[in-house]
Amino acid sequence: AYAVFESDVYVVTQEPNSAGHWINRWRPGQAIEKLFTLESATGTQLGEFLDFDVEGVALVFIEGGRLWRLNLGTRVAQWLQNSTEISGSVDFRSDLVLWEAADGLYSLNLATGVRENVSELINANSWRLNSSFSNLQRYEGDFTRWNDWVIYKAASGSFGFHLRKHEARPILLPLLDQDVRV
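Note that the structure is a prediction, hence the values are computed from the model and not measured.

### Looking at the side chain of Glu-63
Thinking step 1. Structurally, Glu-63 can be placed in strand S6 (residues 58-63).
Thinking step 2. Of the residues examined, Glu-63 reaches a relative accessible area of 2% and is grouped as buried.
Thinking step 3. Here Gly-47 takes part through its backbone nitrogen, which lies 2.6 Å from a polar atom of the side chain of Glu-63.
Thinking step 4. Among all residues touching Glu-63, those that are not within four sequence positions of it are Leu-46, Gly-47, Glu-48, Phe-49 and Trp-68.

The following block contains the structure:
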C-alpha cells in the first residue's frame, strides 16, 4: 500500500519472518528510507494490514478492522476506538476522520476527541420533502466529503449533511425508482 503527501511517497511493506510492517518514505531523487514499524508505533502485534493515508505528520491506517492514527514525528500510534469493524470507506483530513462500519457512518473530531454516529444524526434530521416522504434523507451508505459536507447515498437520491450545522439537504432526487450512486 502507498500514500502520497506533497512530494513524499509513503509505502508500507511487510517484512518476512514477522519483522513487522515497515513505514518507508521515498522522496524523488533520494533513496527509500525505512522509518519504523507499525508494531513499534502501536506497541502491539498487528493483525491484517489493510490500507492507510497520510496528511502532514498524521497517518491513519486500518488494521484488522481497527482504525489507528499515527504521528510520524513522535512515532506513536493511537487506536481511534472504533466500536465495530471498518466495513467501507474512510475519509481522513487534518480535522476529522470519517468511516463506515457495519452499523453506520462515524466521525472523530481530531482536535476534541469527540466521536459521533453521523448516520444517526442524519436519520434524526428534521428535513422532510413532505409527510408522505419523510425518510428520503436516511443514510444508506457510500459517502464522500466536500469541505464541511458529507455527500451520501440516501434512501432515495443523494443528499448532503453539514457536519457542523447537522443539517441534511437534497442534492439529487431521482425520478421514479432509479438508483443513484455517489
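Picking up where we left off.
### Let's talk about the pairing of strand S4 (residues 33-37)
Two faces make up the sheet, and in a regular strand the side chains alternate between them.
Thinking step 1. As judged from the four bridges shared by strand S3 (residues 21-26) and S4, these two strands associate in the antiparallel manner. Residue pairing in the sheet places Trp-22 in a bridge with Thr-37 of S4.
Thinking step 2. Counting the residues in the hairpin turn of S3 and S4 gives six residues, including Gly-29, whose phi is positive at 85°.

### Observations regarding the sheet that holds strand S5 (residues 49-55)
Thinking step 1. With antiparallel pairing, four strands are arranged side by side in an open sheet as S5-S6-S7-S8. Only two strands of the sheet have a single neighbouring strand rather than two, namely S5 and strand S8 (76-79). Put simply, the sheet's adjacent strands are angled 20° from each other on average, direction ignored.

### As for the layout of surface pockets
Thinking step 1. Each pocket or cavity is described by its volume, and for the largest pocket that value is around 150 Å³.
Thinking step 2. Residue lining of the largest pocket: Asp-95, Leu-96, Ser-107, Asn-109, Thr-112, Val-114, Glu-116, Arg-145, Asp-148, Leu-163 and Arg-164, and that is the complete set.

### Some words on the environment of Lys-153
Thinking step 1. Locating Lys-153 in the fold gives a position in strand S14 (residues 149-154).
Thinking step 2. Through-space distance from the C-alpha of Lys-153 to that of Phe-52 is 24 Å; in sequence the pair is 101 residues apart.

### Brief notes about the sheet that holds strand S16 (residues 167-172)
Thinking step 1. Taken together, four strands build an open sheet; the order of strands is S13-S14-S15-S16 and the sheet is antiparallel. Both outer strands of the open sheet, strand S13 (139-146) and S16, are each paired with one neighbouring strand and no more. Here the average twist between neighbouring strands, direction ignored, is 30°.
Thinking step 2. One ladder, built from six bridges, connects S13 with S14; its direction is antiparallel. Residue Tyr-139 lies in a different strand from S14, and its bridge partner there is Ala-154.

Rules behind the numbers
- Residues numbered from 1 in each chain as written.
- Predicted model: local features only at pLDDT ≥ 70, side-chain atom pairs only at ≥ 80, totals over all residues.
- Heavy atoms only, no water.
- Helix = DSSP H or I, 4+ residues; strand = E, 2+ residues; numbered from the N terminus.
- Buried < 20%, exposed > 50% of the residue type's maximum accessible area, 1.4 Å probe, protein only.
- Polar contact = N/O pair within 3.5 Å; in protein donor to acceptor, adjacent residues only side chain to side chain.
- Contact = heavy atoms within 4.5 Å.
- Pairing = 2+ DSSP bridges.
- Axes fitted to C-alpha atoms, helices over the stretch in contact; angles between N-to-C directions.
- 1 Å grid on protein atoms, 1.4 Å probe; cavity = no way out; pocket = protein on both sides within 12 Å on 5 of 7 lines; lining within 4 Å.
- Points joined across faces, edges and corners; volume = space filled by probe spheres on them.

Keep in mind these numbers describe shape, not what the thing actually does.
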